[in-house]
Amino acid sequence: AQFIPRSPTRNGGLFLFGVLMRIVLLAFALAVGSCSVRAATLGPELVSNGGFETTDSWAVGSNWQILPGAYPQGLAFHNEGATAAISETAPLIAGHTYRVVYTISGSAGSSNPLHRFRLRGTGGVVSSPFATGDGTFTFDLVAPAGAYQFEVWPGYGLGAILDDVSVREYTP
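Residues numbered from 1 in each chain as written. Predicted model: local features only at pLDDT ≥ 70, side-chain atom pairs only at ≥ 80, totals over all residues. Heavy atoms only, no water.

Peer 1: Provide a residue-level description of the pattern of salt bridges, including the pertinent values.
Peer 2: By the definition in use, this model includes three salt bridges. One salt bridge in this structure joins R118 and E151, with 2.7 Å as the shortest N-O distance. Note that R118 is positioned in strand β7 (residues 114–121) and E151 in strand β11 (residues 147–154), a separation of 33 residues in sequence. Judged by relative accessible area, which is 14%, R118 ranks as buried. Residue class for E151 comes out buried when judged on its relative accessible area of 3%. A single salt-bridge network, built from bridges that share partners, covers R118, R120 and E151. (Salt bridge = Lys/Arg side-chain N within 4 Å of Asp/Glu carboxyl O. Helix = DSSP H or I, 4+ residues; strand = E, 2+ residues; numbered from the N terminus. Buried < 20%, exposed > 50% of the residue type's maximum accessible area, 1.4 Å probe, protein only.)

Written out as structure tokens, the structure is:
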């Protein structure tokens, strides 16, 4: 076997290249580490009685009942046959985004278990897409001009329980 020495320039060039790459990667890591990423924030709760512990604060449309003593603490129930909403007024700000959350249960026997969440204002209504069936539903909605009210709107064939309603300003 014959030994062939490497050129000191070529070995030195590779070494220097490796050192420079480490410096660049370290500078990049430090720059990324010093960047701040703003986390999404939620404002205070705007629903004054989202668990329906009392009958206060809610305006109930046709076929809605609030049962404050029902398990575990309270709930609202909608019978099939009407599409009137259950609603509450709130200090909504036009153009701001609100994270709305609500839970529907017991809709399995409904003829058409559609429901949606809406923000109402003098400038119109902003609605979530229709949801169907049971679950906890979350939507981000932008309040319309003159926003003053939020509501859960049932489809004609919804017979179900509504509970745990939440509306909070959301900043992504």
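Peer 1: Any chance you could break down the environment of F139 for me, citing the residues and the numbers?
Peer 2: Here F139 lies in strand β10 (residues 135–142). A C-alpha to C-alpha distance of 5.3 Å links F139 and V100, two positions 39 residues apart in sequence. Those residues in contact with F139, other than ones at most four positions away along the chain, are Y98, R99, V100, Y102, S128, P129 and A131. (Contact = heavy atoms within 4.5 Å.)

Peer 1: Help me get a handle on the side chain of E88, residues and values and all.
Peer 2: Of note, E88 is situated in strand β5 (residues 86–89). In this structure the side chain of E88 is engaged in a polar contact, spanning 2.8 Å, whose partner is the backbone nitrogen of S48. Side-chain polar atoms of E88 contact the side chain of W58, separated by 3.4 Å. With residues near it in sequence (within four places) discarded, E88 still touches L46, V47, S48, N49, S57, W58, Y148, Q149 and F150. (Polar contact = N/O pair within 3.5 Å; in protein donor to acceptor, adjacent residues only side chain to side chain.)

Peer 1: Kindly report on the packing of aromatic side chains, identifying the contributing residues and their values.
Peer 2: Inspection of the entire model under this criterion finds six aromatic pairs. Consider the rings of F117 and F150, whose centres lie 6.1 Å apart with planes at 20°: the pair is stacked. Taken together, the positions of F117 in strand β7 and F150 in strand β11 put the pair 33 residues apart, joining distant regions of the chain. Summarising the burial analysis for this pair, F117 and F150 share the class buried. Consider the rings of F130 and W153, whose centres lie 5.7 Å apart with planes at 55°: the pair is tilted. Residue F130 is found in the loop between β8 (124–127) and β9 (131–132), and its partner W153 is found in strand β11; the two are separated by 23 residues along the sequence. Taken together, the ring pairs in this structure connect F52, W58, Y102, F117, F137 and F150 into an aromatic cluster. (Phe/Tyr/Trp six-rings, centres within 6.5 Å; stacked < 30°, edge-to-face > 60°.)

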